[in-house]
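# A structural walkthrough
Residues per chain are reported as follows:
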Amino acid sequence: MAPRGEVAILDASPLIFLTRVGLLKESLKLFSTCLVTGSVKDEVVGAGRTVGAPETAEIEALIGAGRITVERVPRTSLALRLESNPRLSRGDRDSLVLASERGGRLMADDAAVRAVASQLRLRLGGTLYVLFALADRGSLKRPEAAEVLDRLVDGGWYCSARLYRTARAALEKRGSK
């Protein structure tokens, strides 16, 4: 479970998919502060508005209400080094820099982002981290936690078949408490 008082830096994927399954508001309660970079906001809200993504309005409302704060990313030596990584989008790079600067938990699902975060020794979480934390605190009951995982996958969230089986079994077990 996320320690109270922890800062979360949200990358695009957890924002989008937690909103799609109706858990973004609840997941924000796991952290004292939830931050996004301007580039992630543009990626999720700006592009989402353009394509008519249903989650856009809720994310925009949470930003407007101050539940999610858009934070400026400093131009650091890390930012400059990450620019040469072709596997990272601007939002990915900015999220990594912000997590490094703020010492918060980076909430990201993308394998390339997670690999760089591990190299940088950043604290990591993601969509599954949130599901497990919500199940642990009792916000999701059995068999709801495993059903949410199914809805995530059905909605386009990706994980390997092996990770899916392992996570589903663990969520079913946790949800039975």
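Use the structure listed above.
A brief structural summary. The model shown is predicted, which means the values in this text are computed figures rather than measured ones.

## Description of empty space enclosed by the protein
Empty space among the atoms becomes apparent when a probe as large as a water molecule is rolled across them. This model, assessed by the stated rule, comprises one cavity of 30 Å³ or more. Roughly 30 Å³ of volume is contained in the largest cavity. Taken together, A8, L10, L18, S27, L28, F31, C34, M107 and V130 form the lining of the largest cavity. Breaking the lining of the largest cavity down by element, the ones donating at least two residues are β1 (7-10) and α2 (24-28). Of the residues belonging to the lining of the largest cavity, the class tally is eight nonpolar, one polar and no charged.

## Points about the side chain of E55
By the element assignment, E55 lies in the loop between α3 (38-51) and α4 (56-64). Under the relative-accessibility criterion, E55 is labelled buried at 6%. Excluding residues within four positions of it along the chain, E55 makes contact with I16, T19 and R20.

## Observations regarding the environment of V148
Along the chain, the position of V148 falls in helix α9 (residues 144-154). V148 sits in the buried class, given a relative accessible area of 1%. Remark: the alpha-carbon pair of V148 and V21, spanning 127 residues in sequence, is separated by 6.8 Å. The residues contacting V148, other than those within four sequence positions of it, are V21, L23, L131 and L140.

## Comments concerning the packing of α3 against α4
Packing of α3 against α4 brings their axes to within 9 Å, and their N-to-C directions diverge by 135°. The angle between the axes of α3 and α4 places the two elements in the oblique class. The handedness of the crossing between α3 and α4 comes out as left-handed. Contacts from K41, V44, V45, G48 and R49 in α3 reach T56, I59, E60 and I63 in α4. Considered class by class, the residues forming the contact of α3 with α4 number four nonpolar, two polar and three charged.

## Here's the deal with the pattern of salt bridges
Under the definition given, this model contains eleven salt bridges. The salt bridge partner of R75 is E83, with a shortest N-O separation of 2.6 Å. For R75, a relative accessible area of 60% gives the class exposed. In this structure, the salt-bridge partner of R168 is D150, at a minimum N-O distance of 2.7 Å. Of this pair, R168 sits in helix α10 (residues 161-175) while D150 is found in helix α9, placing the two residues 18 residues apart along the sequence. One connected set of salt bridges, linked through shared partners, spans E6, R105 and R123.

Rules behind the numbers
- Residues numbered from 1 in each chain as written.
- Predicted model: local features only at pLDDT ≥ 70, side-chain atom pairs only at ≥ 80, totals over all residues.
- Heavy atoms only, no water.
- 1 Å grid on protein atoms, 1.4 Å probe; cavity = no way out; pocket = protein on both sides within 12 Å on 5 of 7 lines; lining within 4 Å.
- Points joined across faces, edges and corners; volume = space filled by probe spheres on them.
- Helix = DSSP H or I, 4+ residues; strand = E, 2+ residues; numbered from the N terminus.
- Nonpolar A, V, L, I, M, F, W, Y, C, P; charged D, E, K, R; others polar.
- Buried < 20%, exposed > 50% of the residue type's maximum accessible area, 1.4 Å probe, protein only.
- Contact = heavy atoms within 4.5 Å.
- Axes fitted to C-alpha atoms, helices over the stretch in contact; angles between N-to-C directions.
- Parallel < 35°, antiparallel > 145°, perpendicular 65-115°, else oblique.
- Left-handed = near helix turned anticlockwise from the far one by under 90°.
- Salt bridge = Lys/Arg side-chain N within 4 Å of Asp/Glu carboxyl O.

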